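Descriptive structure summary
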Amino acid sequence: TEQTYVDWVSTSLMDCYKNTGDGAVFALLFELNRASFMQAIQGQLRRTYHHIDAHDVLQEVFLNIYRYPRRFLCDRPDAFRNWGHRIVQNTLLKFLKLESRRQRTTQLQDDLGDRPDTQARSPLRFAADAEQQRAVDRAFLIYLNLYLLHFRQLSAKEQRALALVEVDGWSYRD
């Protein structure tokens with residue numbers, strides 16, 4: 001049959017390409033199988049609701065065939081057709097996963113873009129907070145200096161007692 005003839009020729013071309021790496025042989029293989037692979041890709045894409053370019057998938061399929069000829073086994077007349085269609089399936093699955101991931105990311109960005117960020121501070125609020133923080137830091141330093149000044153006026157016994165209470169957490173009674 002015509003299909004058997006195309007299978008034999010394609011399998012022989014792939015085996016030849018596998019052994020020689022000849023670009024002309026690969027070009028013939030591409031021309032002979034492009035239409036059937038495209039038909040399989042488009043058939044699968046019709047069943048999904050993704051916006052994937054069938055030509056991109058076809059290009060990736062032949063790029064994979066080009067990259068991995070050592071994985072091809074020439075054991076039957078339809079070996080290339082079966083192997084090629086497995087590559088089509090795997091490549092299409094990869095594209096569908098990437099597209100699905102892109103859609104989820106886009107939807108998440110859209111969802112986040114519609115809601116105002118309640119955690120974000122405006123530049124004016126950020127400047128006011130920074131100014132307040134500097135004022136608090138200055139006041140804290142003044143209090144620490146006053147504390148140190150009064151702490152030095154205490155006797156050694158009182159300093160020790162205050163350190164035990166304030167630093168070590170002892171009670172005044174202890």
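Let me sum up the structure you'll find in this document. (Residues numbered from 1 in each chain as written. Predicted model: local features only at pLDDT ≥ 70, side-chain atom pairs only at ≥ 80, totals over all residues. Heavy atoms only, no water.)

**Some details on the packing of helix 2 (residues 23-46) against helix 3 (residues 54-67)**
For the pair helix 2 and helix 3, interaxial distance at closest approach is 9 Å and the crossing angle is 135 degrees. Viewed along their axes, helix 2 and helix 3 adopt a mutual orientation that is oblique. Crossing hand, helix 2 versus helix 3: right-handed. Counting all contacts with helix 2, which are made through Phe26, Leu29, Phe30, Asn33, Arg34, Phe37, Met38, Ile41, Gln42 and Leu45, the residues of helix 3 involved are Ala54, His55, Val57, Leu58, Val61, Phe62, Ile65 and Tyr66. Residue classes in the contact of helix 2 with helix 3 are distributed as 14 nonpolar, three polar and one charged. (Axes fitted to C-alpha atoms, helices over the stretch in contact; angles between N-to-C directions. Helix = DSSP H or I, 4+ residues; strand = E, 2+ residues; numbered from the N terminus. Parallel < 35°, antiparallel > 145°, perpendicular 65-115°, else oblique. Left-handed = near helix turned anticlockwise from the far one by under 90°. Contact = heavy atoms within 4.5 Å. Nonpolar A, V, L, I, M, F, W, Y, C, P; charged D, E, K, R; others polar.)

**A short note on the side chain of Glu60**
Relative to the helices and strands, Glu60 resides in helix 3. A residue is classified by how much of its surface remains accessible, and Glu60, at 16% relative accessible area, is buried. With near-sequence residues (within four places) excluded, Glu60 lies in contact with Arg67, Thr91, Lys94 and Phe95. (Buried < 20%, exposed > 50% of the residue type's maximum accessible area, 1.4 Å probe, protein only.)

**Thoughts on the packing of helix 1 (residues 2-20) against helix 2**
Taken N-terminus to C-terminus, the directions of helix 1 and helix 2 make an angle of 150 degrees; their axes are 9 Å apart at the nearest point. Considering their axes alone, helix 1 and helix 2 lie roughly antiparallel with respect to each other. Two packed elements cross with a definite hand, and for helix 1 against helix 2 that hand is left-handed. Residues Val6, Val9, Ser10, Leu13, Met14, Cys16 and Tyr17 of helix 1 form the contact with helix 2, whose own contacting residues are Val25, Phe26, Leu28, Leu29, Leu32 and Asn33. Of the residues that constitute the contact of helix 1 with helix 2, the class distribution is 11 nonpolar, two polar and no charged.

**Brief notes about the packing of aromatic side chains**
Tallied over the entire structure, the rule returns 11 aromatic pairs. Grouping aromatic residues by their ring pairs yields a cluster made of Tyr17, Phe26, Phe30, Phe37, Phe62, Tyr66, Phe72, Phe80 and Trp83. A cation over an aromatic ring shows up here: Arg71 above the ring of Tyr68, its NZ or CZ 4.5 Å from the ring centre. (Phe/Tyr/Trp six-rings, centres within 6.5 Å; stacked < 30°, edge-to-face > 60°. Lys NZ or Arg CZ within 6 Å of the ring centre and 35° of its normal.)

**Re helix 3**
Taking 1.5 Å of rise per residue, the 14 residues of helix 3 would be expected to cover 20 Å, and the 20 Å separating its terminal C-alpha atoms lies within 8% of that figure. What helix 3 keeps buried is the set Ala54, Val57, Leu58, Glu60, Val61, Phe62, Asn64 and Ile65. (Expected span 1.5 Å × (residues − 1).)

**A few points about the environment of His50**
Among the secondary structure elements, His50 is positioned in the loop between helix 2 and helix 3. Counting along the chain gives 13 residues from His50 to Phe37, while the straight-line C-alpha distance between them is 19 Å. Residues within four places of His50 in sequence aside, it is in contact with Leu96, Glu99, Ser100 and Gln103.

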